[in-house]
Amino acid sequence: MTQVLAVGLMSGTSLDGVSTALVRLEADPPKATLVAFRQEPYGAAERGAIIDAMARGTPRDLAFLHVALGERFAGAVLSLLAEAKVSPKDLSFIASHGQTVWHEPGRATLQLGDAAVIAERLGVRVVSDFRARDVAAGGQGAPLVPLADVMLFGHEERGRLLLNLGGIANFTWVPRRGATDGALAFDTGPGVGVIDSVTRRVDPEAAFDRDGERARRGRPVQKLLEELLTDPYFEQAPPKSTGRERFGIEYADRLLARVRAAGGSENDAIATATALTAESIARAVERWAGADKGAELVISGGGAKNPALVERLATRVQPRPVVLFDQLFFDGEAKEAVAFAFLGHQSILGRPGNLPAATGARGRRILGHITPA
């Protein structure tokens, strides 16, 4: 059975840092084994510079950010390989998602992090720019992880819901492992992105609400929460995707300002953002995957480390069982990096990487650009 060694590289909408996963991949049947995982958090200044370039950058700023992120990603891969005691020459490829700087569903999507720089620094071919082909085929360009969910992480005998709590939350309904027919996936709305942005506004030294402590000390402003939940996105039928353009820093700033105007505290604002994430996910699950209430909900991503958020969500979706991805597979924060290693392997093999039921594309497409070593 042919195996290849690859690195999946992810920098998500939450802007918490760079995730790199060393993965052993098999094609038939599809299998991905995590060998090593590393996270490099962005510092406050580094994160601020990326946000500023994304929000107000000139073409020159974005061009330089593209190269700088390529260097940053290459360095992260080298650090991972050094820790794992693996040489770059042992890699078949690197799959780099890149840093999304703009995502307008069905129209355009742009990820930065120059693949040429990564290939040059490591001497390894790079698969990148995964989303563009799906958009060109009439799709949303997101979510793309669902094919990995179906092929790698579904239950072998029954249905399973796989929820990723990144900056944006998305879930995949998998009828059975390997069964694409009947699979459903979409972005439900904010994950931890709004929570993180509000937290950083009230405490610039905090990257996120650690252990949900601030949310626990606050109380959601119920009237505001109910109003936020009337956002048309939540009622929109899938396929659908969203990003920081809708649920980003400006959205978080407005939420914080409105909580303060209502006489609420900073912790109340974080509690309101936390409740918004939990409730919007729960409503999406009830509406679009509610038939089988015995199917477990498996949670991964940075938000899985926020017990206040997980507990609120678990209470809300009862009697559906809630399980952490870590308990079934490996560190859930590595899941997206592993998924993109899998998608990169699909590209190398000349196999489609999208799931049209999730993105709305006209059909299955081979994704990504391949930059030679």
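Keep in mind it's a predicted model, so treat the numbers as computed, not measured. (Residues numbered from 1 in each chain as written. Predicted model: local features only at pLDDT ≥ 70, side-chain atom pairs only at ≥ 80, totals over all residues. Heavy atoms only, no water.)

Asks: Would you explain the overall build of the protein chain in this entry?
Replies: Looking only at helices and strands, one finds 15 helices and 12 strands in the protein chain. A globule of 373 residues ought to have a C-alpha radius of gyration of about 21 Å, and the protein chain, at 20 Å, matches this closely. For the protein chain, the spread of C-alpha atoms along the three principal axes comes to 60 × 50 × 40 Å. By the burial criterion, 57% of the 373 residues in the protein chain qualify as buried. (Helix = DSSP H or I, 4+ residues; strand = E, 2+ residues; numbered from the N terminus. Rg over C-alpha atoms; globule rule 2.2 N^0.38 Å. Buried < 20%, exposed > 50% of the residue type's maximum accessible area, 1.4 Å probe, protein only.)

Asks: Sorry if this is basic, but what is going on with the nonpolar core here?
Replies: Soluble, globular proteins show a tendency: their nonpolar side chains are buried together. Counting 48 residues, the largest nonpolar core has Leu-163, Phe-171, Val-194, Val-198, Leu-255, Ile-299 and Leu-313 as the members making the most contacts within it. Looking at this core, the element that brings in the most residues is helix α11 (residues 266–288), giving 10 residues. (Core = buried A, V, L, I, M, F, W, Y, C linked by side-chain atoms within 4.5 Å.)

Asks: Just checking my understanding: could you explain the pairing of strand β10 (residues 297–300) for this structure?
Replies: Residues in a regular strand project their side chains so that they alternate between the two faces of the sheet. In β10, alternate side chains face the same way, and those of Leu-297 and Ile-299 on one face and Val-298 and Ser-300 on the other are all buried. Across 4 bridges, strand β7 (residues 160–165) lies against β10 in parallel orientation. Each residue of the ladder has a partner; that of Leu-163, found in β10, is Ile-299. As judged from the 3 bridges shared by β10 and strand β11 (residues 322–324), these two strands associate in the parallel manner. Directly across from Val-298, in β11, lies its bridge partner Val-323. As for the winding sense of the linkage, the β-α-β connection from β10 through helix α12 (residues 307–316) to β11 is right-handed. (Pairing = 2+ DSSP bridges. Right-handed = clockwise from strand over helix to strand, strands pointing away.)

Asks: Explanation requested: helix α1 (residues 44–56) in the structure shown.
Replies: Three- or four-residue spacings in an α-helix give side chains the same orientation, since the helix completes a turn every 3.6 residues. If you check α1, its first and last C-alpha atoms are 18 Å apart, about what 13 residues at 1.5 Å a residue would give, namely 18 Å. Within α1 the residues assigned to the buried category are Arg-47, Ile-50, Ile-51, Ala-53 and Met-54. Down the axis of α1, the smallest arc covering the buried residues is 160 degrees, so these residues share one side. Counted as exposed and oriented over 90 degrees from the buried face of α1: Ala-45, Ala-55 and Arg-56. Buried residues along α1 sit against α2 (59–84), β4 (93–104), α6 (193–202) and α10 (249–261). (Expected span 1.5 Å × (residues − 1). Arc of directions from axis to C-beta. Contact = heavy atoms within 4.5 Å.)

Asks: Explanation requested: α12 in the structure shown.
Replies: Among the residues making up α12, those that are buried are Ala-308, Leu-309, Val-310 and Leu-313. Where α12 is buried, its residues contact β7, α6, α7 (213–217), α11 and β10. For α12, the capping residue at the N-terminal end is Asn-306, with a side-chain oxygen 3.1 Å from the backbone nitrogen of Ala-308. (Polar contact = N/O pair within 3.5 Å; in protein donor to acceptor, adjacent residues only side chain to side chain.)

Asks: Which parts of the structure should I look at to understand the sheet that holds strand β8 (residues 168–174)?
Replies: In a beta sheet, neighbouring strands pair by backbone hydrogen bonds and run either parallel or antiparallel. Strand order in the open sheet formed by 5 strands is β9-β8-β7-β10-β11, and the pairing between neighbours is mixed. Only two strands of the sheet have a single neighbouring strand rather than two, namely β9 (184–190) and β11. Averaged over all pairs of adjacent strands, the angle between strand axes in this sheet comes to 25 degrees, irrespective of strand direction. As paired strands, β7 and β8 are joined by 6 bridges and run antiparallel to one another. Bridge assignment links Leu-162 to a residue of β8, and that residue is Thr-172. Sitting on the sheet, helix α5 (residues 146–153) touches β7, β8 and β9, and the angle it makes with β8 is about 45 degrees. (Axes fitted to C-alpha atoms, helices over the stretch in contact; angles between N-to-C directions.)

Asks: How should the pairing of strand β3 (residues 31–41) be read in this particular structure?
Replies: Two elements, strand β2 (residues 17–26) and β3, share 10 bridges in a ladder whose sense is antiparallel. Following the sheet pairing, Ala-21 is matched in β3 by Phe-37. Remark: 4 residues form the turn of the hairpin made by β2 and β3, two consecutive strands paired antiparallel.

Asks: Before we go on, may I ask you to explain the pattern of salt bridges in this structure?
Replies: Evaluation of the coordinates by the stated rule reveals 24 salt bridges. Here Lys-305 and Glu-333 are joined by a salt bridge, their closest N and O atoms 3.3 Å apart. Taken together, the residues Lys-305 in the loop between β10 and α12 and Glu-333 in the loop between α13 (325–328) and α14 (335–348) connect sequence positions 28 residues apart. Residue Lys-305 is classed as partly exposed on the basis of its relative accessible area of 40%. (Salt bridge = Lys/Arg side-chain N within 4 Å of Asp/Glu carboxyl O.)

Asks: Is there a simple way to explain the side chain of Asp-149 in this structure?
Replies: By the element assignment, Asp-149 lies in helix α5. Within the structure, the side chain of Asp-149 is placed 2.7 Å from the side chain of Lys-335, a separation counted as a polar contact. Beyond its immediate sequence surroundings of up to four residues, Asp-149 is in contact with Gly-154, Leu-162, Thr-172, Val-174 and Lys-335.

Asks: Would you mind showing me how to read the environment of Arg-214 here?
Replies: Along the chain, the position of Arg-214 falls in helix α7. Residues Arg-214 and Lys-89, 125 residues apart in the sequence, show an inter-C-alpha distance of 46 Å.

Asks: Just checking my understanding: could you explain the packing of α1 against α2 for this structure?
Replies: For any two helices packed against each other, the geometry comes down to the angle between their axes and how far apart the axes lie. Put simply, α1 and α2 touch, their axes get as near as 10 Å, and they point 145 degrees apart. At the point where α1 passes α2, the crossing takes the left-handed sense. Each of Glu-46, Ile-50, Ala-53 and Arg-56 in α1 lies in contact with α2, whose residues at this interface are Asp-61, Leu-62, Leu-65, Leu-69 and Arg-72. Tallied by class, the residues present in the contact of α1 with α2 amount to 5 nonpolar, no polar and 4 charged. (Left-handed = near helix turned anticlockwise from the far one by under 90°. Nonpolar A, V, L, I, M, F, W, Y, C, P; charged D, E, K, R; others polar.)

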